[in-house]
Amino acid sequence: MDQIDRAILRELQIDGRLTIQELAQRVGLTSSPCMRRVRQLEQDGVIEGYRAIVNPDAVGRGFEVLVSVERDTRSVAAFEAELLEIPDVVEAYRLMGSPGCLLRVAVADLAAYEKLWTDRLTTLTGATAVNSQIIMKPIKQPRGLPVDR
């Protein structure tokens, strides 16, 4: 991967809706070689997809919580399979050490989170402790990865 590929990645992380013509202009290429590079980055799995960033408040999910879950290590597969079925869990990470898992949950309000906590999170297979930290305000959110070396 060269500097032009990295420039393409930077630009697409800022705005994934750029036309090939706009992208080519920003990275100093003509359209055809730019398109070939983008396709190659997609085929190589460097670019995994494109998506819209949605305002949580606009879709009624402005109450976000970070949840740490201690779990029994004998039931990891069942635990993770159950997590995949909970749409309110928008991110989930298996961690080394304690806690075993970190989740980001997006729901409408505290009452919705309490119901989720009671009905789903505390009943996950192997969950031994569920701790919540309510997000007051996002300071820095994911907007792409640094691609420079």
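Predicted, not measured: the structure shown is a model, and the values here were computed from it.

Analysis parameters
Residues numbered from 1 in each chain as written. Predicted model: local features only at pLDDT ≥ 70, side-chain atom pairs only at ≥ 80, totals over all residues. Heavy atoms only, no water. Helix = DSSP H or I, 4+ residues; strand = E, 2+ residues; numbered from the N terminus. Rg over C-alpha atoms; globule rule 2.2 N^0.38 Å. Buried < 20%, exposed > 50% of the residue type's maximum accessible area, 1.4 Å probe, protein only. Contact = heavy atoms within 4.5 Å. Areas by Shrake-Rupley, 256 points an atom, 1.4 Å probe, with all protein chains shown as cover. Lys, Arg positive; Asp, Glu negative; His and termini not counted. Charge placed at Lys NZ, Arg CZ, Asp CG, Glu CD. Core = buried A, V, L, I, M, F, W, Y, C linked by side-chain atoms within 4.5 Å. Axes fitted to C-alpha atoms, helices over the stretch in contact; angles between N-to-C directions. Parallel < 35°, antiparallel > 145°, perpendicular 65-115°, else oblique. Nonpolar A, V, L, I, M, F, W, Y, C, P; charged D, E, K, R; others polar. 1 Å grid on protein atoms, 1.4 Å probe; cavity = no way out; pocket = protein on both sides within 12 Å on 5 of 7 lines; lining within 4 Å. Points joined across faces, edges and corners; volume = space filled by probe spheres on them. Expected span 1.5 Å × (residues − 1). Polar contact = N/O pair within 3.5 Å; in protein donor to acceptor, adjacent residues only side chain to side chain.

Draft legend 1. Structural detail: the overall build of the protein. Broken down by element type, the protein carries five helices and four strands. Reading the helices (α) and strands (β) of the protein from amino to carboxyl end gives α-α-α-β-α-β-β-α-β. A globule of 149 residues ought to have a C-alpha radius of gyration of about 15 Å, yet the protein, at 20 Å, is considerably larger. Looking at the protein as a whole, 29% of its 149 residues are labelled buried. In the protein, once contacts between residues fewer than 6 apart in sequence are set aside, the share between residues at least 24 apart is 62%. Just so you have it, the protein exposes about 10300 Å², and 53% of that area is on carbon and sulfur atoms. Taking the average location of the 19 positive side-chain charges in the protein and that of its 21 negative ones, the two points are 5 Å from each other.

Draft legend 2. Examining the environment of Asp57 more closely. If you trace the backbone, Asp57 turns up in the loop between α3 (31-43) and β1 (63-71). Take Asp57: its relative accessible area is 60%, and that puts it in the exposed class. Sequence separation between Asp57 and Phe79 is 22 residues; the distance between their C-alpha atoms is 29 Å.

Draft legend 3. Fine view of the nonpolar core. Counting 17 residues, the largest nonpolar core has Val67, Leu103, Val105, Tyr113 and Leu121 as the members making the most contacts within it. Put simply, the parts of the chain that give this core at least two residues each are β1, α4 (76-84), β3 (101-107) and α5 (110-119). Val67 has contacts with Cys101, Leu102, Leu103, Val105, Tyr113, Leu121, Val130 and Asn131, leaving out every residue within four places of it along the chain. Ile20, Leu23, Ala24 and Leu41 belong to the second largest nonpolar core, which has 14 residues in total.

Draft legend 4. Region of interest: the packing of helix α1 (residues 3-14) against α3. Where α1 meets α3, the axes come as close as 11 Å, and the angle between the chain directions of the two elements is 80°. In terms of their interaxial angle, α1 and α3 are classed as roughly perpendicular. Where α1 approaches α3, its residues Ile4, Asp5, Ile8, Leu9 and Leu12 are matched on the opposing element by Cys34, Arg37, Val38 and Leu41. In terms of residue class, the contact of α1 with α3 is built from seven nonpolar, no polar and two charged.

Draft legend 5. Structural context of the layout of surface pockets. Of the pockets and cavities examined, the largest pocket occupies roughly 2000 Å³. As for the largest pocket, its lining consists of 46 residues, of which Arg51, Ile53, Pro142, Arg143 and Gly144 are closest to the centre. Where the lining of the largest pocket is concerned, the elements lending two or more residues are α1, β1, β2 (89-94) and β3. Looking at the lining of the largest pocket residue by residue, the classes come out as 27 nonpolar, seven polar and twelve charged.

Draft legend 6. Layout of α1. An ideal rise of 1.5 Å per residue puts 16 Å on twelve residues; α1 measures up with 17 Å between its terminal C-alpha atoms. Of the positions making up α1, those classed as buried are Asp5, Arg6, Ala7, Ile8, Leu9, Glu11 and Leu12. The secondary structure elements touched by the buried residues of α1 are α2 (20-27) and α3. Where α1 begins, one side-chain oxygen reaches toward the backbone nitrogen of Ile4, 3.1 Å away; that side chain belongs to Asp2.

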